[in-house]
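Coordinate inspection notes
Letter by letter, the chains look like this.
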Amino acid sequence: MVENRPYRNFLAYLVLTIGIVIVAFPVYLAILASTFDAGTIANGNMPLLPGDQAVTNYTRTIFEGASRTSREPVGGMMLNSFIMAMGIAVGKILISILSAFAVVYFNFPFRKTAFWVIFITLMLPVEVRIYPTYKIVADLGLLDTYTGLVLPLIASATGTLLFRQFFMTIPDELLEASKIDGAGAFRFFKDTLIPLSITTIAALFVIQFIYGWNQYLWPLLITTKSSMQTIVIGIKKMITTQDALTEWQIAMTTAVLAMIPPVLVVIFMQRLFVKGLVETEK
Amino acid sequence: MAGVTLDTVRKVYTGNVEAVKGVSLGIKDGSFCVLVGPSGCGKSTLLRMIAGLETISGGAVKIGDRVVNEVEPADRDIAMVFQNYALYPHMSVYDNMAYGLKNRGTPKDEIEKRVKEAARILAIEPFLARKPRQLSGGQRQRVAMGRAIVRKPQVFLFDEPLSNLDAKLRVQMRVEIKRLQRALGVTSIYVTHDQVEAMTLSDQLVVMSGGQIEQVGTPAEVYRRPETRFVATFIGSPPMNILPGKVEGPGRVSVGGQTISVTDMRDGLAPGSAIEVGLRPEDVQAGAAGSSSLTMDVDFVEELGATQLFHGKVAGTEFVVQASTGQIPADSRTLTLSIDPTNVHLFDPQTTKRLGRA
């Protein structure tokens, strides 16, 4: 229902504006803080207009890092985070699209069981299985490696479920037409299923990239070298120093940097992403 | 080119549901065979077994001289047109038609030649670059047929290809399918539940019911001489009237005390035994009482424009008469129907088989 009355419009705008201010103000503060020097932030009276330290802060953060604690340039952390998030997103999509393909299109013994086992793992988030997972990764000698960061997180019931639901909406006749057209199972997958799933893949990529990027507990556990640190952990380490002053301008700069890749992913994939979630056209 | 032979083909689904109960049928090379029957009669299953989309539980399917029971659908040299067209939504019209050829490793220029030719025949040349969703139902239907034509298969299979179209387009496409099949001369098997499609398209009409063939013949044969009561009531619109009657003697039966003559009647039927009398609504005439006539009480009249349908009862049983408008006064309360003895069909009430001359 779309109404068009001035009074209601005003009310709608008011509510939306309040909402935006509540959400956006802290972000604005973080961006603001990344443009001052440490002293200005520390004295408690931060101006509401940007300062002049932006270039200094950003170059220092990216190439050097905070002075005391980790001394790790944030540029490296971002690379680590990026590799992890990409690995998780791409790995999850690969594994879940293949398992959904198997569950929907192949008739093998215990197919239903397989699906339900996958489904049940939805109830087991990383935190629940973290100890056994850590043990396995440690025994395999994967601590402080990208493989160790990515591998345990790529099995995805959510993704499998999403693809399964999508595959079930594809008419059987399409598979049969492919069969008559001489396309085997793999050709059907490559030529028909994947092109049709593009929007679902995009939606899943956005969700999983952000999920991977925001991982905290798992990287915290299995990375010990500071060169393997991810940016989310980097921020945390910058502000928990007890014996020294927190370099808030650096922490805030890092926080702003940490926001950028997920935002970019959302911006660039948004059109596909929304289409993937509301897909009706066949 | 090749004919298709079915030899006691059976389909049993898990749980012992027998969908097709031993069907034997010969389809001549180049002919148009229509399988018709109510839903659930096994016609689609039979077609899908010929296509290779369903496994064959028993018997043999032969395309030409080759038994294809274990042959992959792609290697059976068939092409199929589906009810919902099953076009690949992400491919252009051109790619939809070219896909099967590409998978077979046909050279590019050959593919292009065949696709262009099929597009010309079907008048879809302007749409080759479009996606299926940008086409209307009729155009999609043509693309689906184009996809079948480019393959130059031995056999075309159609699975209710017109049921997703509106009534007007359906008639138009029906004519086109017929014309196309004549021009290409490819053996075609067509499944439908629409008896008008079945009558108009087929060289060979196969009426199915309950997983079995009821009757095979040309449309005229099936219409003129239905072998079972099922065929009699299924083919023809409005359906044939069936009245309970009694055998009076050779060439004579009675319905509710009124006697009529029959030409096509089996010899040696015991007088007094029950029999079913079939009369097509279009075969009975209003006329004077005579040696072979029935009286009918009219309940109401349906106007169809060129014709009128008189609904009523003969000897307590529902009866419909079709007459040209104006032939019978629309306010008639009772009609005297003169019955042409050659138009009476007799059926055994038990076996429902025709009791005609051997």
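Bear in mind the structure is a predicted one, so any value in this text is a computation, not a measurement. (Residues numbered from 1 in each chain as written. Chains lettered and ligands numbered in written order. Predicted model: local features only at pLDDT ≥ 70, side-chain atom pairs only at ≥ 80, totals over all residues. Heavy atoms only, no water.)

1. Remarks on the overall build of chain B
From N to C terminus, chain B includes eight helices and 20 strands. In terms of principal-axis extent, the alpha carbons of chain B reach across some 75 × 45 × 35 Å. Relative to its full complement of 358 residues, chain B shows a buried share of 53%. Residue pairs at least 24 apart in sequence account for 66% of intrachain contacts in chain B once pairs closer than 6 positions are excluded. For chain B, the exposed surface amounts to about 15300 Å²; the carbon and sulfur share of it is 50%. (Helix = DSSP H or I, 4+ residues; strand = E, 2+ residues; numbered from the N terminus. Buried < 20%, exposed > 50% of the residue type's maximum accessible area, 1.4 Å probe, protein only. Contact = heavy atoms within 4.5 Å. Areas by Shrake-Rupley, 256 points an atom, 1.4 Å probe, with all protein chains shown as cover.)

2. A word on the UniProt feature "transmembrane region" (unreviewed entry) in chain A
Residue and element names in this part refer to chain A. Those residues carrying the UniProt feature "transmembrane region" (unreviewed entry) are residues 12–36, 82–106, 113–134, 146–167, 188–211 and 248–269 in this numbering. Between the first and last C-alpha atoms of residues 82–106 the distance is 35 Å; the span itself is 96% helix and 0% strand. Secondary structure content for residues 248–269 is 100% helix and 0% strand, and the end C-alpha separation is 32 Å. (UniProt positions renumbered as here; feature names shortened; annotations may be inferred.)

3. Re the environment of Met252(A)
Residues and elements named next belong to chain A. Looking at where Met-252 falls in the secondary structure, it is placed in helix 13 (residues 248–278). For Met-252, a relative accessible area of 21% corresponds to the partly exposed category. For the pair formed by Met-252 and Ile-62, sequence separation is 190 residues and the distance between their alpha carbons is 12 Å.

4. Section: the UniProt feature "domain: ABC transporter" (unreviewed entry) in chain B
Listed under "domain: ABC transporter" (unreviewed entry) in the UniProt record, and renumbered for this structure, are residues 4–235 of chain B. Note that residues 4–235 of chain B is 37% helix and 26% strand, and that its end C-alpha atoms are spaced 24 Å apart.

5. Points about the sheet that holds strand 12 (residues 252–255) of chain B
Residue and element names in this part refer to chain B. The strand order 13-12-11-14-20 describes an open sheet built from five strands, whose pairing is antiparallel. Looking at the sheet topology across the chains shown, the edges are occupied by strand 13 (258–261) and strand 20 (345–347). In this sheet, neighbouring strand axes are inclined to one another by 45° on average, regardless of whether the strands run parallel or antiparallel. Bridging between strand 11 (residues 241–249) and strand 14 (residues 274–279) involves six bridges; their strand directions are antiparallel. Considered in strand 14, the bridge of Leu-243 is made with Val-277. (Pairing = 2+ DSSP bridges. Axes fitted to C-alpha atoms, helices over the stretch in contact; angles between N-to-C directions.)

6. Concerning the packing of helix 9 (residues 172–180) of chain A against helix 10 (residues 185–213) of chain A
All names here are of chain A. Interaxial distance between helix 9 and helix 10 falls to 11 Å at its minimum, and their mutual angle equals 150°. Comparing their axes, helix 10 and helix 9 come out roughly antiparallel. Classified by chirality, the crossing of helix 10 by helix 9 is right-handed. Along its contact with helix 9, which presents Leu-174, Leu-175 and Ser-178, the element helix 10 presents Phe-188, Thr-192 and Leu-196. For the contact of helix 9 with helix 10, the class distribution of residues is four nonpolar, two polar and no charged. (Parallel < 35°, antiparallel > 145°, perpendicular 65-115°, else oblique. Left-handed = near helix turned anticlockwise from the far one by under 90°. Nonpolar A, V, L, I, M, F, W, Y, C, P; charged D, E, K, R; others polar.)

7. Looking at a nonpolar patch on the surface
Taken together, Tyr7(A), Phe10(A), Leu11(A), Leu14(A), Val15(A), Ile18(A), Ile22(A) and Val23(A) make up a surface patch of nonpolar side chains, about 860 Å² in accessible area. Within the secondary structure layout, Ile22(A) lies in helix 1 (residues 6–33). (Patch = residues over 30% accessible without salt bridge, like charges linked within 9 Å, V, L, I, M, F, W, Y side chains within 5 Å. Salt bridge = Lys/Arg side-chain N within 4 Å of Asp/Glu carboxyl O.)

8. Brief notes about the pattern of salt bridges
Residues and elements named next belong to chain B. Inspection of every chain in the model, using the stated rule, returns 23 salt bridges over all chains. The partner of Glu-18 in a salt bridge is Arg-10, with the nearest N and O atoms 3.0 Å apart. Among the ionic pairs, Glu-318 bridges to Lys-313, the shortest N-O distance being 3.7 Å. Among the residues examined, Lys-313 registers a relative accessible area of 32% and is labelled partly exposed.

9. Observations concerning the interface of chain A and chain B
Contact residues are listed per partner, giving 18 residues for chain A and 22 residues for chain B. Each partner contributes to the roughly 1700 Å² buried at the junction of chain A and chain B, and carbon and sulfur atoms together form 59% of this total. Considering only the side of chain A, the residues that lose the most area to chain B are Glu176(A), Ile180(A) and Asp181(A), jointly responsible for 38% of the buried surface there. Counting across the interface, chain A meets chain B through two salt bridges. The shortest N-O distance in the salt bridge between Arg151(B) and Asp181(A) comes to 3.6 Å. Taken together, chain A and chain B are joined by 11 residue pairs in polar contact (both at pLDDT 80 or more). Sorting the residues of the side of chain A that touches chain B by element identifies helix 9 and helix 10 of chain A as the ones contributing at least two each. (Buried area = accessible area lost by both parts, 1.4 Å probe. Polar contact = N/O pair within 3.5 Å; in protein donor to acceptor, adjacent residues only side chain to side chain.)

10. Quick word on the nonpolar core
Soluble globular proteins tend to pack their nonpolar side chains together in the buried interior. Among the nonpolar cores identified, the biggest contains 75 residues, and Phe167(A), Ile231(A), Leu6(B), Leu46(B), Leu157(B) and Ile189(B) are the most heavily contacted of them. Looking at which element gives the most residues to this core, the answer is helix 4 (residues 74–105) of chain A, with 11 residues. Within the second largest apolar cluster, 44 residues are counted, among which are Val81(B), Met97(B), Met145(B) and Phe158(B). (Core = buried A, V, L, I, M, F, W, Y, C linked by side-chain atoms within 4.5 Å.)

11. Here we look at the pairing of strand 16 (residues 293–303) of chain B
Residue and element names in this part refer to chain B. Relative to strand 19 (residues 334–338), strand 16 runs antiparallel, the two being bridged by five bridges. Bridging from a neighbouring strand, Met-296 pairs with Leu-335 of strand 19. Pairing between strand 16 and strand 17 (residues 307–314): six bridges, direction antiparallel. Paired with Glu-302 across the strands is Leu-309, a residue of strand 17. Count of turn residues in the strand 16/strand 17 antiparallel hairpin: three residues, of which Gly-305 carries a positive phi of about 90°.

12. Concerning unusual backbone geometry
Here the amide bond leading from Ser237(B) into Pro238(B) is cis, since omega sits at -5°, within 30 degrees of zero. Here Pro238(B) shows up in the loop between helix 8 (229–234) and strand 11. Its identity as a non-glycine residue notwithstanding, Phe110(A) has a phi of 65°, on the positive side. Among the structural elements, Phe110(A) can be located in the loop between helix 4 and helix 5 (111–120). Although it is not a glycine, Tyr85(B) adopts a positive phi angle of roughly 70°. The class of Tyr85(B) is buried, set by a relative accessible area of 7%.

13. A few points about the side chain of Ser92(B)
Relative to the elements of secondary structure, Ser92(B) occurs in the loop between strand 6 (78–81) and helix 2 (93–103). Ignoring anything within four residues of it in the chain, the contact list for Ser92(B) reads Leu128(B), Ala129(B), Arg130(B) and Lys131(B).

14. Here we look at the sheet that holds strand 4 (residues 58–63) of chain B
Residue and element names in this part refer to chain B. Taken together, the four strands give an open sheet; going across it, the order is 2-1-4-5, and neighbouring strands pair in antiparallel fashion. The open sheet has two free edges, formed respectively by strand 2 (17–27) and strand 5 (66–67), since each of these has just one partner strand. Pairing between strand 1 (residues 4–13) and strand 4: five bridges, direction antiparallel. Across the sheet, residue Leu-6 finds its bridge partner in strand 4, namely Val-61. Across the sheet, helix 1 (residues 43–51) lies against strand 1, strand 2 and strand 4, angled at about 115° from strand 1, the strand it touches most.

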